[in-house]
Amino acid sequence: HGRVAMAGFVGYLVHAKGITWGFPMTMQGDKWPELGDGGVAALWDNLKAGGKWQIIGFVGCLEFWRELQTYETAGKRDAHYMRGGLPGKYPDFEGPLPNLYWGLGAGKKTPEQLAKGRNAEINNGRLAMLGLFGFFAESKAPGSVPFLTQFDFPAYGGDFMQPFEGNFELFGGN
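Now for a quick tour of the structure.

Conventions we followed
Residues numbered from 1 in each chain as written. Predicted model: local features only at pLDDT ≥ 70, side-chain atom pairs only at ≥ 80, totals over all residues. Heavy atoms only, no water. Patch = residues over 30% accessible without salt bridge, like charges linked within 9 Å, V, L, I, M, F, W, Y side chains within 5 Å. Areas by Shrake-Rupley, 256 points an atom, 1.4 Å probe, with all protein chains shown as cover. Salt bridge = Lys/Arg side-chain N within 4 Å of Asp/Glu carboxyl O. Helix = DSSP H or I, 4+ residues; strand = E, 2+ residues; numbered from the N terminus. Buried < 20%, exposed > 50% of the residue type's maximum accessible area, 1.4 Å probe, protein only. Expected span 1.5 Å × (residues − 1). Arc of directions from axis to C-beta. Axes fitted to C-alpha atoms, helices over the stretch in contact; angles between N-to-C directions. Parallel < 35°, antiparallel > 145°, perpendicular 65-115°, else oblique. Left-handed = near helix turned anticlockwise from the far one by under 90°. Contact = heavy atoms within 4.5 Å. Nonpolar A, V, L, I, M, F, W, Y, C, P; charged D, E, K, R; others polar. Core = buried A, V, L, I, M, F, W, Y, C linked by side-chain atoms within 4.5 Å. Phe/Tyr/Trp six-rings, centres within 6.5 Å; stacked < 30°, edge-to-face > 60°.

What follows concerns a nonpolar patch on the surface. Residues Val10, Val14 and Ile19 make up a contiguous nonpolar surface patch of roughly 230 Å² in combined accessible area. Tracing the chain through its elements places Val14 in helix H1 (residues 2-16). Owing to a relative accessible area of 32%, Val14 belongs among the partly exposed residues under this scheme.

This is the structure we're talking about:
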């Protein structure tokens, strides 16, 4: 969850600056939603239902792959992280897909360096969770995070706890 929170924190900052990809959002040429009323949180509301389901489906596939535990090392399955396995160790993909666990040069580090890096990652993930929820709180109740009032985040009128706003259509709709 820490890695997701770190990605979410950085993503929030990127979107707050209005940065988008340099290509259209859809094959039909639709542009990416622009930052407007409601700020960054409203960008999710402006995505089409199909795009939301693609994001949720992709993350679901990653979770399924992780829980499936189909990878083997030294002829045996690695233990699940809830049963003594290494938290954050993601199974390798077969083929040309990247290894999501080792990162840049982590395979060349000593066990002590890896343990220190894991602790730093856990703490950074916790901090990112607090920061991300600070952004959410400030956009929902302006002034609730005194430090963030200087950045003048737009108020968000939607509901963070209802990401589809009651629209669960898989095909059609918005």
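On to helix H3 (residues 49-68), then. In this model, H3 (20 residues) spans 28 Å end to end at C-alpha, consistent with the 28 Å of a helix rising 1.5 Å per residue. Turning to H3, its buried residues number three or more, namely Ala49, Lys52 and Arg66. Seen along its axis, H3 keeps its buried residues to an arc of 120 degrees; they face one direction. Seen from the buried face of H3, the exposed residues on the opposite side, beyond 90 degrees, are Gln54, Phe58, Cys61 and Phe64.

The subject of this paragraph is the packing of H1 against helix H4 (residues 111-140). Interhelical geometry of H1 versus H4 gives an angle of 45 degrees and a closest axis separation of 8 Å. The angle between the axes of H1 and H4 places the two elements in the oblique class. Both H1 and H4 take part in a crossing whose hand is left-handed. Where H1 approaches H4, its residues Gly2, Arg3, Ala5, Met6, Gly8, Phe9, Tyr12 and Leu13 are matched on the opposing element by Glu121, Asn124, Gly125, Ala128, Met129, Gly131, Leu132, Phe135, Phe136 and Ser139. Its residues assigned to classes, the contact of H1 with H4 comprises 10 nonpolar, six polar and two charged.

As a further point, take the nonpolar core. Tyr12, Val40, Leu132, Phe135, Leu148 and Phe153 together form the largest nonpolar core, which totals six residues. Once residues within four sequence positions are removed from consideration, Phe135 is found in contact with Phe9, Tyr12, Leu13, Leu148 and Phe153.

Under the criterion given, the structure shown has 12 aromatic pairs. Arranged with centres 6.0 Å apart and planes meeting at 65 degrees, the rings of Tyr12 and Phe153 form a pair that is edge-to-face. Note that Tyr12 is positioned in helix H1 and Phe153 in the segment after H4, a separation of 141 residues in sequence. On the basis of an interplanar angle of 65 degrees and a centroid distance of 6.4 Å, the ring pair of Phe23 and Trp32 is categorised as edge-to-face. The class for Trp32 is partly exposed, based on a relative accessible area of 26%.

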